[in-house]
Amino acid sequence: MANEQKPKLKLAVYWGAACGGCCVSVLDVHEKLFDVVAAADLVFWPLVLDIKYQDVKAMPDASIDVTLFNGAVRNSENEHMAKLLRQKSKLLVAYGSCAHLGGIPGLANLSTKEELLRRVYFESESTVNPDHVLPQPQVQMPEGELELPVLFNDVRTLDQVVDVDYYLPGCPPQSERLVEVFMAIATGAPLPPKGSVVGANEKGLCDECERKKSAEKLVKKFFRPYEIQDDGQTCFVEQGVICMGLATRGGCGARCIKGNAPCRGCYGPPSASPDPGAKMMSALATMIDATEPAEAAAIVGQIVDPAGTFYRCSVPASLLRRKME
Amino acid sequence: MEQLRIGVYVCWCGSNIAKMVDVEAVAKWAAQLPGVAVARDYKYMCSDPGQDMIVKDIRELKLNRVVVAACSPRIHEPTFRKALEKAGLNPYFFEMANIREQDSWVHEDRAQATHKAQALIASAVKRVAQHDALDKRTVDIHPATLVMGGGVAGLTAALEIADAGKQVFLVEKCAQLGGQVAGVDQTFPLMNSARQLIAPMIQRVLAHAHIRVFQNCKINEIFGYVGNFETTLNGEKLLFGNIVVATGLRPFDPGVIPEYGYGRIPDVITSIAFEQMLLQGNIVTRAGQAPRRVAIIHCVGSRNPKYHPYCSRTCCMTALKYANQIRSALPAAEVFQIYADMRAMGKGCEEFYARTSRRGVMFLMFDQHDGLPRIRPAGGEPANLSLEFKELLSGEEVEVPADLVVLMVGMEAHPDSKDVAHAVGVSRCGNDFFIEKHPKLDPVATTTDGVYIAGNCQSPKDIPDAVSQAKAAAARILATIKTASVNVEVTTAVVNEELCCGCQTCVKVCPYNAISFLPDKKVSFVNDILCKSCGTCGAACPTGAIRCRHFTDQQILSQIEGIMTFENEVVA
Amino acid sequence: MSFEPNIIAFLCNWCSYTGADLAGTSRMKYAANIRVIRVMCSGRVDPTFVLEALRKGADGVLICGCHPGDCHYHTGNYKCLRRFLLLQKYIEQMGIPKDRLRLEWVSASEGRRFAEVVNSMTETVKALGPSRIRQVVETLA
C-alpha cells in the first residue's frame, strides 16, 4: 500500500494546564483513529503512552512532525515543556481553547496568585490549614530536596511563550475538524499561512446555527438560560439570552446550541476581531432597547460579569490580558 | 504591496501655526518617519504654490501617499484631495493633521504644542499607509425641488426656481401662504405695504405652471439622498433632487415673563396683535378707546438668558415702525419707546431711527437682565396701566403711564423644528435654529448634500436677508440641476460576505434603512446609495464583517498606534 | 516633572469635532494632553479602539458625540452611550478606574464646553496617575 512506503508522521500530544478534554477529543475520533495510527507514529502522549521526558529531550530538533499542545501555560513546567516541544517539533499546533486563548484556566487572570493561593489554601470552607502552609517551589525534606513548578501569576496562551504554527480552537475541538486537519497534513496538502486558525470556519457560529434569526434584535432585559421558556427555535439573543455565537467562529457543529445551550465562545473570535469580547460587547450594547441613560444603565447592569461572560475562554488572549492590580 | 512613499507637508499658515508650533523642526522630524519619502514646511499649503508643490512631488518623487499638517480638514481636505487628483493620485490617499484649530490656536506652551503636532502627524502618517483608493461616484439630479414653508423665503425660492422652468413642490403646514409677512401691515424702514409685497408673490405661486402647492400639509419622512429624494404627501409619491427648508420661526409667547402680566392684564398685547390692529386701521384699547399713551417694550424674550440669549434682529426696527405709525394715526398720543439697546443695522435703518427720534417719541432705556419694567393696573388716572422700572439714561426710578403696552416679542424655533430637522437630516444649534454648512462662507447649504436652508429657520432676520438667502439657495440648486449630476461620498460601508455570518444585528441599526438581509446568501447587504457613512453598523457588527470605507478598524487602530508609539518613545 | 497624561479623544465630525474647531477659531485655551481621532459619528467608536488605546498606554480615553436627539445620523450617539456603559463596567471589573474613560456630548456650537471638558478630563486623569496597563500587559508575571 502507498502508506507503507511513505514514512509515518511523528505525532505528539501534550497537555499544559488542562482538563483532559482535548486529549479525549483526540481519542474521540473513534474509528478514524485507525487512519491516524496508519499515518502517524505517536511519539509522545502522557495520557496514553509511557514515554518519558528524557526520551523527548533526547529527540533530535524538529524531529516531531506535528505536536498538538493543549492546555494553557500556567506554571514553569508548562512553559519548559512548551519550549522543549517547540524545539523538537516541525509544526506546533495550539490545540483547544486553553492553548489558543487561555481557556477556562485563563479566568485566573482575574485574580492574583496571592489571592488564589490564599483562597485555596487558607480560606476555602473545607480547608484546615492553621499553619498557613503553602506549596513551595523548593522544599528540603530529610530524603532530599523536592521541587514543584513555579505557579505563574499570569496564565499564558501558548503563543505568549513560543512561536505557534497553527491554532485549532474549541473546548474541546470538534473531533471531525481534527481529523480533517490531521489528514491534510498527513497527505501533504498545501497548508494555510503560518499563524492561521485551522479546523474552524471563517464565519461566525450564526451561519451554522439552525435557530431562526430575524432583524428584530432588541433586548429590553437579559435573562439567564433557565429564566426563559426557550422555544428551541428562536435565536437566543432575540430571547434576551447572551449567546456568544455572534462573535465566535463556527466549525463546532453548533453542538451547544443543538443541546439548547447558548454558545460560550470557545472557538474564539473570527479573523477581523482583534479582541475576543469587545465586538460582542459592542453588538450586544447596540441591541439594548433604551435611549435614556438611566434605563440603558439598568439593562447593562443585568450583565453581572462582563469579563466572565465575554472572555470566558479568552482572558489571556484579550487586549487587556489580565486584571490590573 | 507597493513601497510606501509618503509626502508630509507642514504648514506655517502664515504665523497662525508657526508662532506656536516649530514647523521647521517638525518637518525635519517627520522626514525620518518610516515610509516618509519627503517632508517639507511651507507658509501657505492651501495656496496655489503650496498645492503645486504637492503635485510636483507626487510626479517627480513618485509619492503614493500625502499628509498635510495644517488647519482643520473640514476646511481644506477637499482642496488637497483635488491637488492629488490633479497629480494623478487617488484623492483618498490623503490625510490631514489638524495642528491649527486643535493645536496652535488652543495651546500656550510652544513645546507642548509642537509635541502635540508631532503626535498628530505620527497618527496621520500611520493612517494614510492604510488608506485604499476609492472611486468617485456621481449621481443624477432629479430636476424637481421641494420647498418646505410658504413664507417670504419659501415663496422667493419657489418662484426663482420655477421661473427658470423647473418643477417646484411647495409645502406649507398652515392653510394660508405668506408666513409672518402676511400678518404685517407696513415694512421698515421705508414704510411700504407688506401686502403689496407678499400678495403678488402668493398669487404668482398659486398660478405658476411649475409650482404645485400643498397647503395644510406637513412632511413626515423624506427618503433618499441628494438628487434622488422622495416623500409621500397626501398619498402621492413625490420625487425631487433638492430641498429648500424655509420653515421659519414663530413668535415668542410672553406669558412666561411675570413682570409683563401678559394674559392677566388687559391691554398688554404682543407686536403680532398690534400688527393686526394696524392692518385693520384701528388702534384701540380693549374698551374700544383710542389710547392716549402707548408704551412699546423692546427685547421681549430676547437677549436674556432666562428666555432666549440671542437677538431677534427685527424687533427694534419694527418697534420704531410702530412709533411712526402711532404718531401718524394718533397725533396727540404719547409714545414711549422702552428699549434695552437700539439695534439699527441694515440699509436705511440708522436713518430711520434718527427720523423717528425727531417725531416726539420718548426713548427710555431699561436693564435687559435685571430691570424689566413691571406692569400693573393703575386705575385710570393718569392711565389704565403703569410701568415701573429704573431708567438707565437718567438713573432714576420711573413710572410710565400707558393705556396700551405693545410687547416686541422675539422669534423662536417652532416646536416641531426637531421633526423637520430629522426629516431632512440637518442639525440644530443650541437655539434650535438649523445649522448652515459654514457660518461665514456657506450660510445656505447644510452638511447634508441637496438640503438648503433659507430665512428665519437659519436665524432671525429681516425680509431683505431672507429673500437673499432664498435666492442664493435657488441659484445653487439651479446650478446643480443644470449640471444634472453631483459627486457623492464613497466612504460607505460594505459587508464582507466571506465573514458575514448572517446574525442580522446590523439590519435595524441603520437609521437610513440602508442594510438588508439576503436570505438566499444568508448575509447582510449595504445599499451604498442609501448609506450615509456614519459607521455605526461597523461598530455594531460582532465579527468585523462590515467594513466602513475610509474609517476601517485598521485605519483607526493605526492612528492609535501612531500616537502611542510616538508618545511611548518620547518617554523612553 | 509632573505627570502629563496622554488622552486619546474620539470626536464625531459633525458636532464635537466642529465644536473643537470652534474652540480653536475662538482662540480658547485648554490643556494640551488630548490627541484627537476623528470619526464621522460617535456610533463608529468600537470598544476595540478604546481597549487598544488603553493597552498601548493611553492614560485616558475621551469620546465626544452629539447631544441626544441631535445626532447628525439620528441615533448613532445612543448606541455609543450603551456601548460606553457596558465597556466602562468591563474595564472597572478589570481593575481600571472607570474615570479613565469618559463620554461627553459636545455640540458644534459648544467651543467653550469642549475646552472645559478637555480640562476637566485632564485633571481627572492627572489625579488618577499614569496608567500601568501597558506595563502590565507587556510583562508576563
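Everything that follows concerns the structure shown earlier in this document.
Asks: Where do I start with the overall build of chain C in this structure?
Replies: A tally of helices and strands in chain C yields five helices and four strands. Counted from the first residue to the last, chain C has its helices and strands arranged as β-α-β-α-β-α-β-α-α. Against the compact-globule benchmark of 14 Å for 141 residues, chain C has a radius of gyration of 15 Å, which places it among compact chains. Taking the principal axes of the C-alpha coordinates as reference, chain C spans close to 50 × 35 × 20 Å.

Asks: What's the story with the pairing of strand E3 (residues 60-65) of chain C in this structure? I'm lost.
Replies: Along any regular strand the residues' side chains alternate between the sheet's two faces. Residue and element names in this part refer to chain C. Where burial is concerned, most of E3 is hidden: six out of the six residues are buried. Every second residue of E3 is oriented toward a common face, with Gly60, Leu62 and Cys64 on one face and Val61, Ile63 and Gly65 on the other, all of them buried. By the bridge criterion, five bridges tie strand E1 (residues 7-12) to E3 in an arrangement that is parallel. Bridge pairing in E3 links Ile7 to Gly60. Pairing of E3 with strand E4 (residues 101-105), which is carried by five bridges, proceeds in the parallel orientation. Its bridge partner lying in E4, Ile63 is registered against Leu103. A crossover links E3 with its parallel partner E4, the connecting element being helix H3 (residues 76-93), and its sense is right-handed.

Asks: Teacher, can you tell me more about the packing of aromatic side chains here?
Replies: Within a pair of aromatic rings, the relevant descriptors are the distance that separates the centres and the angle that separates the planes. Evaluation of the coordinates by the stated rule reveals 16 aromatic pairs over all chains. Ring geometry for Tyr339(B) versus Phe363(B): centroids 6.1 Å apart, planes at 80°, classification edge-to-face. Within this pair, whereas Tyr339(B) is found in strand E18 (residues 334-339), its partner Phe363(B) is found in strand E19 (residues 362-365), the two being separated by 24 residues in sequence. Their ring planes at 70° and their centres at 6.4 Å tell us that Trp14(C) and Tyr73(C) sit as a pair that is edge-to-face. Within this pair, whereas Trp14(C) is found in the loop between E1 and helix H1 (16-25), its partner Tyr73(C) is found in the loop between E3 and H3, the two being separated by 59 residues in sequence. Classification of Tyr73(C) by relative accessible area gives buried; the value is 3%. A network of ring pairs unites the aromatic residues Phe169(B), Phe214(B), Phe229(B) and Phe240(B) as a single cluster.

Asks: For this particular structure, what's the right way to read the interface of chain A and chain C?
Replies: Often, the extent of an interface is quoted as the loss of accessible area on bringing the components together. Opposite the 39 residues of chain A that make contact, chain C presents 27 residues. Taken over both partners, the interface formed by chain A and chain C buries close to 3100 Å², and the fraction arising from carbon and sulfur atoms is 67%. Summed over the three residues of chain A that lose the most area to chain C, namely Leu319(A), Leu320(A) and Met324(A), the buried surface amounts to 24% of that side. For the pair chain A and chain C, the number of links is one salt bridge. A salt bridge links Lys279(A) to Asp46(C), with the nearest nitrogen and oxygen atoms 2.7 Å apart. Joining chain A to chain C, the criterion identifies 21 residue pairs in polar contact (both at pLDDT 80 or more). When residues of the side of chain A that touches chain C are assigned to their parent elements, the largest contribution, six residues, is made by helix H10 (residues 278-287) of chain A.

Asks: Honestly, the pattern of salt bridges in this entry has me stumped. Any pointers?
Replies: Oppositely charged side chains may form a pair once their charged atoms are brought near each other. All names here are of chain B. Counted by the stated rule, this structure contains 62 salt bridges over all chains. Put simply, Arg293 and Glu334 hold a salt bridge, and the shortest N to O gap is 3.2 Å. With Arg293 in strand E17 (residues 293-300) and Glu334 in strand E18, this residue pair connects regions lying 41 residues apart in the sequence. Residue class for Arg293 comes out buried when judged on its relative accessible area of 16%. With its nearest N and O atoms 2.9 Å apart, the salt bridge here joins Arg476 to Asp442. Of the two residues, Arg476 sits in helix H12 (residues 463-483) while Asp442 sits in the loop between helix H11 (417-424) and strand E25 (451-453), which places them 34 residues apart along the sequence. For Arg476, a relative accessible area of 35% corresponds to the partly exposed category.

Asks: Is there a simple way to explain the environment of His80(A) in this structure?
Replies: All names here are of chain A. In this fold, His80 is placed in helix H5 (residues 76-88). Since its relative accessible area comes to 42%, His80 is described here as partly exposed. When the C-alpha atoms of His80 and Pro105 are compared, they prove to be 18 Å apart, with 25 residues separating the residues in sequence.

Asks: Explain the interface of chain B and chain C to me, please; I cannot follow it from the model alone.
Replies: With 50 residues of chain B at the contact, the number on the chain C side is 51 residues. When chain B packs against chain C, close to 4400 Å² is buried across both sides, 57% of that on carbon and sulfur atoms. On the chain B side of the interface with chain C, the three residues burying the most area are Arg74(B), Gln102(B) and Trp105(B), jointly 14% of the side's total. Run the count over chain B and chain C and you get five salt bridges. Residue Arg38(C) is joined to Glu77(B) by a salt bridge in which the shortest nitrogen-to-oxygen separation is 3.4 Å. For the pair chain B and chain C, the number of links is 18 residue pairs in polar contact (both at pLDDT 80 or more). Secondary-structure elements contributing two or more residues to the side of chain B that touches chain C are helix H3 (73-86), helix H4 (100-104), helix H5 (110-128), H11, helix H13 (536-540) and helix H14 (553-571) of chain B. It is H14(B) that provides the largest number of residues to the side of chain B that touches chain C, a total of 10 residues. A class-by-class count of the residues in the side of chain B that touches chain C yields 19 nonpolar, 20 polar and 11 charged.

Asks: I keep staring at the nonpolar core and nothing clicks. Help me out?
Replies: Where a protein is soluble and globular, its nonpolar side chains tend to be buried together. One finds Leu158(A), Phe310(A), Phe10(C) and Tyr90(C) to be the most contacted residues of the largest nonpolar core, which totals 130 residues. Element by element, the count of residues in this core is highest for H3(C), at eight residues. What Tyr90(C) contacts, discounting residues up to four positions off in sequence, is Met281(A), Pro306(A), Ala307(A), Tyr311(A), Ser318(A), Leu320(A) and Leu51(C). Among the nonpolar cores identified, the runner-up in size contains 51 residues, and Ala70(B), Ala97(B), Ala119(B) and Val128(B) belong to it.

Asks: Sorry if this is basic, but what is going on with the state of the cysteines here?
Replies: Where two cysteines share a covalent bond between their sulfur atoms, that bond is called a disulfide. Residue and element names in this part refer to chain B. Considering all chains together, one arrives at zero disulfides over all chains under this definition. Of all cysteine sulfurs, the one in Cys316 lies closest to Cys299, which takes part in no disulfide; the gap is 5.6 Å. Cys503 provides the cysteine sulfur closest to Cys541, a residue in no disulfide bond, and the two sulfurs are 6.2 Å apart. Here Cys541 falls in the buried class, since its relative accessible area comes to 8%.

Asks: In this structure, what is going on with the sheet that holds strand E1 (residues 9-15) of chain A? I would like to understand it.
Replies: The strands making up a sheet associate through backbone hydrogen bonding, with each pair oriented either parallel or antiparallel. All names here are of chain A. If you trace the five strands from one edge of the open sheet to the other, you get E2-E1-E3-E5-E9, paired in parallel fashion. Two strands bound the open sheet, and with one partner strand each, they are strand E2 (40-44) and strand E9 (166-168). Neighbour to neighbour, the strand axes of the sheet diverge by 30° on average, direction disregarded. Pairing of strand E3 (residues 64-70) with strand E5 (residues 89-95), which is carried by six bridges, proceeds in the parallel orientation. Opposite Leu68, over in E5, you have Val93 as the bridge partner. Sitting on the sheet, H5 touches E1, E2, E3 and E5, and the angle it makes with E5 is about 140°. Helix-sheet contacts for helix H8 (residues 175-186) involve E1, E2, E3, E5 and E9, and the interaxial angle to E1 is about 145°.

Asks: Before we go on, may I ask you to explain the pairing of strand E1 (residues 6-11) of chain B in this structure?
Replies: All names here are of chain B. Burial analysis of E1 places six of its six residues in the buried class, which makes it a mostly covered element. Side-chain alternation along E1 places Ile6, Val8 and Val10 on one buried face and Gly7, Tyr9 and Cys11 on a second face that is also buried. The sheet contact formed by E1 and strand E2 (residues 36-42) spans six bridges and is parallel. The residue of E2 that forms the bridge with Tyr9 is Arg40. Between the parallel elements E1 and E2, the chain passes through helix H1 (residues 23-30) in a crossover that is right-handed. With five bridges joining them, E1 and strand E3 (residues 65-70) adopt parallel strand pairing. Residue pairing in the sheet places Val10 in a bridge with Ala69 of E3.

Asks: Is there a simple way to think about the packing of H1(B) against H5(B) in this case?
Replies: Two numbers describe a pair of packed helices, the interaxial angle and the distance between the axes. Residues and elements named next belong to chain B. For the pair H1 and H5, the least separation of the axes is 10 Å and the interaxial angle reads 35°. The element H1 and its partner H5 pack so that their crossing is right-handed. Between H1, through Val26, Trp29 and Ala30, and H5, the contact on the second element is made entirely by Thr114, Gln118, Ile121 and Ala122.

Asks: What is the right way to read H10(A) from this model?
Replies: Since the α-helix turns once every 3.6 residues, residues separated by three or four places project in the same direction. Judged by how many residues are buried, H10(A) sits mostly within the fold: 10 of 10 residues are covered. Buried residues of H10(A): Ala278(A), Lys279(A), Met280(A), Met281(A), Ser282(A), Ala283(A), Leu284(A), Ala285(A), Thr286(A) and Met287(A), and no others.

Asks: Teacher, can you tell me more about H11(B) here?
Replies: Residue and element names in this part refer to chain B. Within H11 the residues assigned to the buried category are Ser417, Val420, Ala421, Ala423 and Val424. All buried residues of H11 lie within an arc of 165° about the axis, which places them on one face of the element. Check the buried side of H11 and you find it contacts strand E6 (145-148), strand E14 (242-245) and E25.

Analysis parameters
Residues numbered from 1 in each chain as written. Chains lettered and ligands numbered in written order. Predicted model: local features only at pLDDT ≥ 70, side-chain atom pairs only at ≥ 80, totals over all residues. Heavy atoms only, no water. Helix = DSSP H or I, 4+ residues; strand = E, 2+ residues; numbered from the N terminus. Rg over C-alpha atoms; globule rule 2.2 N^0.38 Å. Buried < 20%, exposed > 50% of the residue type's maximum accessible area, 1.4 Å probe, protein only. Pairing = 2+ DSSP bridges. Right-handed = clockwise from strand over helix to strand, strands pointing away. Phe/Tyr/Trp six-rings, centres within 6.5 Å; stacked < 30°, edge-to-face > 60°. Contact = heavy atoms within 4.5 Å. Buried area = accessible area lost by both parts, 1.4 Å probe. Salt bridge = Lys/Arg side-chain N within 4 Å of Asp/Glu carboxyl O. Polar contact = N/O pair within 3.5 Å; in protein donor to acceptor, adjacent residues only side chain to side chain. Nonpolar A, V, L, I, M, F, W, Y, C, P; charged D, E, K, R; others polar. Core = buried A, V, L, I, M, F, W, Y, C linked by side-chain atoms within 4.5 Å. Disulfide = S-S within 2.5 Å. Axes fitted to C-alpha atoms, helices over the stretch in contact; angles between N-to-C directions. Left-handed = near helix turned anticlockwise from the far one by under 90°. Arc of directions from axis to C-beta.

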